[in-house]
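Read off the chains here:
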Amino acid sequence: MKILILRFSSIGDIVLTSPVIRCLRQNIKGVEIHYCTKRRYQELIAHNPYIDKCHYLDDSLLQLVGQLRSERYDLVIDLHNSLRTRLIKGMLAKRSFTVNKINIQKWLYVRFKANVMPSVHIVDRYMDTVSTLGVTNDGRGLDFFIAAEDQVPMSQLPPTHQSGYVAYALGGQHATKRLPVDRMIDLCRKIGTPILLLGDQHDRQAGDLIRSALGDDLIYNACDLFSVNQSASLIGQAQVVYSHDTGLMHIAAALKKPIVSIWGSTTPQLGMYPYKTRHLVVENTALNCRPCSKIGHDKCPLGHFNCMNGLSFSVDPAFVQTSEMQDQYERM
């Protein structure tokens, strides 16, 4: 059987599809697996040993479809369920399975705060998409594969961080998924041990402000200095990972790191909390305005941003590394 998997974005969502790839390989004898995503995300899948061939969307959808047609797939697995993937499936005219995005339940939850969301992680909904094929979840969590050339040695870090550090992923696609910079500074001060800041070019300025406030001995601003795979290498060597609801959080989960996940306008109930790794959720559950979006906003719709401004940082990094730290959702 020759299978095409479609998922075009983004970092976290692509990482969250990795169990489907692995379990297809394990459950279907002789399967050939191809994966299609946007070109800018190629490093996320290029080193996955369970993928036989990768296809990338550049500028032309029609050119991509021509390439895919020549492969003569038996089956298409759509883990994005977007207009683009529906067009591709229509033009390929092959048997297909498509993930249920439960958009009605999400809309009711966000719009009316109705408790209609199933207690199912997005990974398990992805796995349900292929259950008809007899594919079952092996329970091993997420995968992320880092090439040898992307491994960052500790010796490349400042001396202050070579004996160990906490990683803090500053990013978040929308502002309401990120702490304001003054609260980031409060959190880093509370952590109090060497911290390595990770993010892209959009996070560099915030990292510089944190470093200026707390000093080079405590803060190494690595935002925009490393690729995604190099950042993953640094996450893999961290003692603990603090993260907003962002792609690096899911990479940390794939690398089985203990995670403190920080939530603002979105909520873990949307089904994208850290998967199959020890984690704690930091969120303001006293507000009746959360979630105000399933993906976040550029600013708080009500102007107060209390979901982030009202957070209390009481997590001790030493506690995070103990056996007392359990999956938040096993305790609910």
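This text follows the structure it describes.
Residues numbered from 1 in each chain as written. Predicted model: local features only at pLDDT ≥ 70, side-chain atom pairs only at ≥ 80, totals over all residues. Heavy atoms only, no water.

**Points about the state of the cysteines**
Disulfides are covalent bonds that link the sulfur atoms of two cysteine residues.
Okay, so step 1: On inspection of all chains with the given rule, the structure shows 0 disulfides.
Okay, so step 2: Of all cysteine sulfurs, the one in Cys54 lies closest to Cys36, which takes part in no disulfide; the gap is 9.5 Å.
Okay, so step 3: Residue class for Cys36 comes out buried when judged on its relative accessible area of 0%.
Okay, so step 4: Cys292 takes part in no disulfide bond, and the closest cysteine sulfur, belonging to Cys307, lies 6.3 Å away.
Okay, so step 5: We classify Cys292 as partly exposed; its relative accessible area is 26%. (Disulfide = S-S within 2.5 Å. Buried < 20%, exposed > 50% of the residue type's maximum accessible area, 1.4 Å probe, protein only.)

**Focus: the packing of aromatic side chains**
Okay, so step 1: The final tally for this structure, using the stated rule, is 2 aromatic pairs.
Okay, so step 2: Plain terms: the ring middles of Tyr50 and Phe145 are 6.1 Å apart, the flat faces sit at 70° to each other, and that makes the pair edge-to-face. Highlighted residues: Tyr50 in the loop between β2 (32–38) and β3 (53–57) and Phe145 in the loop between α6 (122–129) and β6 (166–169), separated in sequence by 95 residues.
Okay, so step 3: With relative accessibility at 25%, the residue Phe145 sits in the partly exposed group.
Okay, so step 4: The aromatic ring of Phe112 is capped on one face by Arg111, whose charged end is 5.0 Å from the ring centroid. (Phe/Tyr/Trp six-rings, centres within 6.5 Å; stacked < 30°, edge-to-face > 60°. Helix = DSSP H or I, 4+ residues; strand = E, 2+ residues; numbered from the N terminus. Lys NZ or Arg CZ within 6 Å of the ring centre and 35° of its normal.)

**Quick word on α6**
Okay, so step 1: Counting buried positions along α6 yields 6 of 8 residues, so the element is predominantly enclosed.
Okay, so step 2: Lining the buried residues of α6 we find α1 (11–16), α2 (18–27), β4 (75–78), β5 (96–98) and α5 (103–112). (Contact = heavy atoms within 4.5 Å.)

**Some words on the sheet that holds strand β10 (residues 259–262)**
Okay, so step 1: A sheet is described by the order of its strands in space; here 6 strands give the open sequence β8-β7-β6-β9-β10-β11, paired in parallel fashion. Either end of the sheet is taken by a strand with one partner, and the two such strands are β8 (219–221) and β11 (279–282). Adjacent strand axes in the sheet meet at a mean angle of 20°, parallel and antiparallel pairs treated alike.
Okay, so step 2: Both β10 and β11 contribute to a ladder of 4 bridges, which runs parallel. (Pairing = 2+ DSSP bridges. Axes fitted to C-alpha atoms, helices over the stretch in contact; angles between N-to-C directions.)

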